[in-house]
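Commentary on secondary and tertiary structure
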Amino acid sequence: MLRNVKDYHYPGSLDEALSLDNRESRSFFIAGGTALALSDSSRPVELIDVSRLGLNDLELDRENGNLKIGASTRIQRVVESGAARSVLGGFLSESLEEIGSYPIRNAGTLGGSLVRPFPWSDIIPILSVLETEVFYYHEGNEKTRELSRLYESDFRSTLNSSIIEGVSISLPEEGNTAAKFMKFSRSEFDVASLNLACRLTVEGGYISKAKLSIGARPMTGERIPALEDNLVGKKLTEELAKKSGKEAGESAELRGDEKLGQEYREQLVKKMTEEAITEIMKEVANES
Amino acid sequence: MKVEFELNGKEQKFDVKPGEVLLDLLRDNGCKSVKRGCETGDCGACMVLVNGRAMTSCTLFAAQVDGKEIRTVEGMEDNLTDQLKQFMLEAGAVQCGFCTPGVLISAYSLLTHNKNPSEEEIKAALDGNLCRCTGYVKQIDAIKETADSIGGSSDGKK
Ligand SMILES: Cc1cc2nc3c(=O)[nH]c(=O)nc-3n(C[C@H](O)[C@H](O)[C@H](O)COP(=O)(O)OP(=O)(O)OC[C@H]3O[C@@H](n4cnc5c(N)ncnc54)[C@H](O)[C@@H]3O)c2cc1C
Ligand code: FES
Ligand code: FES
């Protein structure tokens, strides 16, 4: 917990929130507070509550082909929403349900998961394989950035002085696109020791689009472009799934930590990639 | 700073420190059903209902619940709570009792949003509650019995 909170603010507008954040004192925006609760610090800090800024809409815009989710929307609300359930045969809601426990999902928000994500965050790989744009408010302007570019080092300071307003997820064409999320943890209660999300679009048996993201490596989730490129244009077969598993184990940057050794992680990546691709293959075959 | 929220059906004003944790505020104000366990959101002993949704009070600052409705086991006096308590006792779902208020809150939250939960849904609703004594089987049985009694069938058929 933050043990030295000096002040707590309830700004009524994005500009007021940013100007409170721009002052000399050390401050954090707070949404659900679950990540801040895990931080252990006695340095003086002020908290700026973003939950009254109206950033909690959840809207399926079929005309423009996207699902918009406000930053302050609770994760469990997304899990339960019919709109989220309609994304890729339930991929979004089912994989978000893997996060923490029911009370944590009731409190935690989508926006709160994006700015300083835990390295074991499940949300990052999940959103990375969807086409996700992040909306943020910076120096009086509304801006957007692709999720996979959010953590580029030259953007860090911009991100740290912005308010995330929400995300927009492109609705993929159903039928020939499927996705899978997999999580390996030491127990039902523990956070991921490795997580992986994969999404493939298949046309006439051949892969036309591929996205694979691996998290808790133990570093934060990252896409594996070399493997994605290799998948495109290939016929989707069990053999390809096996070969891709091997490639993923070799090309993902993996390390060991107190939870898992590097070799164990490599074997897991192999197995999980193979399994994810095989399951997608079955799903696509069933739907076509 | 002042925060104002409805605690167990009564509008109340509190003078709190900006960093005061909801768990501490509730316990200091007589809600001893709210237990102090891990204090990191893992065990569920400190669970309360915030606007009808189960949340861990150790991960919430008191200032976050300004304007909201908070309910603890002390303020749960309706038929659903009575049934839950009765079936928990009958099933032998209470041993040392430390986790029991948190389990009641999770079960209450589940059954108010879903009168007919499947076993999987009951397990998912309890995934934030650690119980070191019962092995969960009796608690799951008690929730099924309560669902049956309040009109659902706990077979998960909607
Ligand atoms: C017990 C426990 C178990 C967990 N298990 C998992 C798990 O299995 N998988 C997983 O992926 N995650 C897990 N988490 C992490 C959880 O998902 C995050 O803590 C949560 O999503 C963060 O959201 P929040 O609203 O509570 O963020 P907060 O704690 O309010 O904020 C988090 C950070 O985001 C900043 N912030 C918040 N909102 C905004 C905004 N709109 N704009 C800019 N900055 C903002 C804050 O300043 C802070 O730095 C777990 C957490 C706990 C406590
Ligand atoms: S004391 Fe709050 S979850 Fe354990
Ligand atoms: S009854 Fe003892 S911890 Fe659950």
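All values derive from a computational prediction rather than experimental measurement. Per chain, the residues get numbers from 1 upward, laid out in the order the sequence is written. The lettering of chains begins at A and the numbering of ligands begins at 1, in the order of writing. This being a predicted model, a pLDDT of at least 70 is required before a residue's local features are given, and a value of 80 or more before pairs of side-chain atoms are given or counted; all residues contribute to the totals for chains, interfaces and linings. Note: side-chain values were computed over all heavy atoms of the structure, leaving out hydrogens and water.

**Focus on the site of ligand 1**
To be explicit about the condition: Near is defined per residue: the residue qualifies when any heavy atom it owns lies within 4 Å of the molecule or strand. What qualifies as a polar contact is a pair of N or O atoms within 3.5 Å, subject to a donor-acceptor requirement within protein and to the restriction that residues adjacent in sequence count only when both atoms come from side chains. The method behind every accessible area is Shrake-Rupley, applied with a 1.4 Å probe, and residues are considered shielded solely by the protein chains displayed.
Taken together, 35 residues sit near ligand 1, with A:Phe29, A:Thr34, A:Thr109, A:Arg116 and A:Asp122 positioned nearest. Those residues lying near ligand 1 are distributed over chains A and B. Within the side chain of A:Ser113, one N or O atom sits 2.7 Å away from an oxygen atom of ligand 1. Residue A:Asp122 places a main-chain N or O atom 2.7 Å away from an oxygen atom belonging to ligand 1. In isolation ligand 1 has 970 Å² of accessible area, and contact with the protein removes 96% of it.

**Concerning the environment of A:Ser25**
All names here are of chain A. Short version of the rule: Runs of H or I in DSSP of at least four residues are treated as helices and runs of E of at least two as strands, each being numbered from the N terminus.
In this fold, serine 25 is placed in the loop between helix H1 (14-21) and strand E2 (27-30). On a C-alpha basis, the gap between serine 25 and leucine 196 in space is 38 Å, while along the polypeptide they are 171 residues apart. Among the polar contacts listed, one links the side chain of serine 25 to the side chain of glutamate 46, at a separation of 3.3 Å.

**Here's the deal with helix H10 (residues 238-251) of chain A**
How we decide: Here the expected span of a helix is defined as 1.5 Å times the quantity of residues minus one. In this analysis, two residues are considered to be in contact whenever any of their non-hydrogen atoms come within 4.5 Å of each other.
Helix length check: H10(A), at 14 residues, gives a terminal C-alpha distance of 20 Å against a target of 20 Å (1.5 Å per residue), a fit within 8%. The secondary structure elements touched by the buried residues of H10(A) are strand E11 (206-215), helix H9 (225-231) and helix H11 (262-287) of chain A.

**Details of the domain arrangement of chain A**
Residue and element names in this part refer to chain A. Defined as follows: Domain ranges listed in this record stem from an automatic or a database domain assignment. Using a 1.4 Å probe, buried area is obtained as the accessible area two parts lose upon being combined, added over both of them. Any Lys or Arg side-chain nitrogen located within 4 Å of an Asp or Glu carboxyl oxygen qualifies as a salt bridge.
Domain annotation of chain A identifies domain 1 (5-47), domain 2 (58-170) and domain 3 (176-287). Here the C-alpha centroids of domain 1 and domain 2 sit 20 Å apart. Counting residues at the interface gives twelve residues for domain 1 and 16 residues for domain 2. Each partner contributes to the roughly 1000 Å² buried at the junction of domain 1 and domain 2, and carbon and sulfur atoms together form 73% of this total. When the buried surface of domain 1 facing domain 2 is broken down by residue, Leu14, Leu18 and Thr34 rank first, second and third, together holding 43% of it. Between domain 1 and domain 2 we count zero salt bridges in total. For the pair domain 1 and domain 2, the number of links is one residue pair in polar contact (both at pLDDT 80 or more). Taken together, the elements giving at least two residues each to the side of domain 1 that touches domain 2 come down to H1, E2 and helix H2 (34-38). Top contributing element to the side of domain 1 that touches domain 2 by residue count: H1, with five residues.

**Some words on the pairing of strand E9 (residues 177-184) of chain A**
All names here are of chain A. Filter applied, for reference: A 1.4 Å probe rolled over the protein chains alone gives each residue an accessible area, and that area as a share of the maximum for its type sets the label: buried under 20%, exposed over 50%, partly exposed in between. Two strands qualify as a pair provided that DSSP identifies no fewer than 2 bridges between them.
Of all eight residues making up E9, six are buried, and the element is well covered by its neighbours. By the bridge criterion, eight bridges tie E9 to strand E10 (residues 194-203) in an arrangement that is antiparallel. The residue of E10 that forms the bridge with phenylalanine 184 is leucine 194.

**Describing the environment of A:Glu94**
Mapped onto the fold, A:Glu94 is located in helix H5 (residues 91-96). Judged by its relative accessible area of 53%, A:Glu94 is exposed.

**Quick word on the interface of chain A and chain B**
Counting residues at the interface gives 29 residues for chain A, matched by 30 residues for chain B. Across the chain A/chain B interface, buried area totals approximately 2200 Å², and carbon plus sulfur atoms make up 58% of it. Three residues, A:Met1, A:Tyr102 and A:Phe189, lead the burial of chain A against chain B; their summed loss comes to 28% of the area buried on that side. The tally of links from chain A across to chain B stands at two salt bridges. For A:Arg52, the salt bridge is made with B:Asp66, and the minimal N-O distance between the two is 2.9 Å. The interface formed by chain A and chain B includes nine residue pairs in polar contact (both at pLDDT 80 or more).

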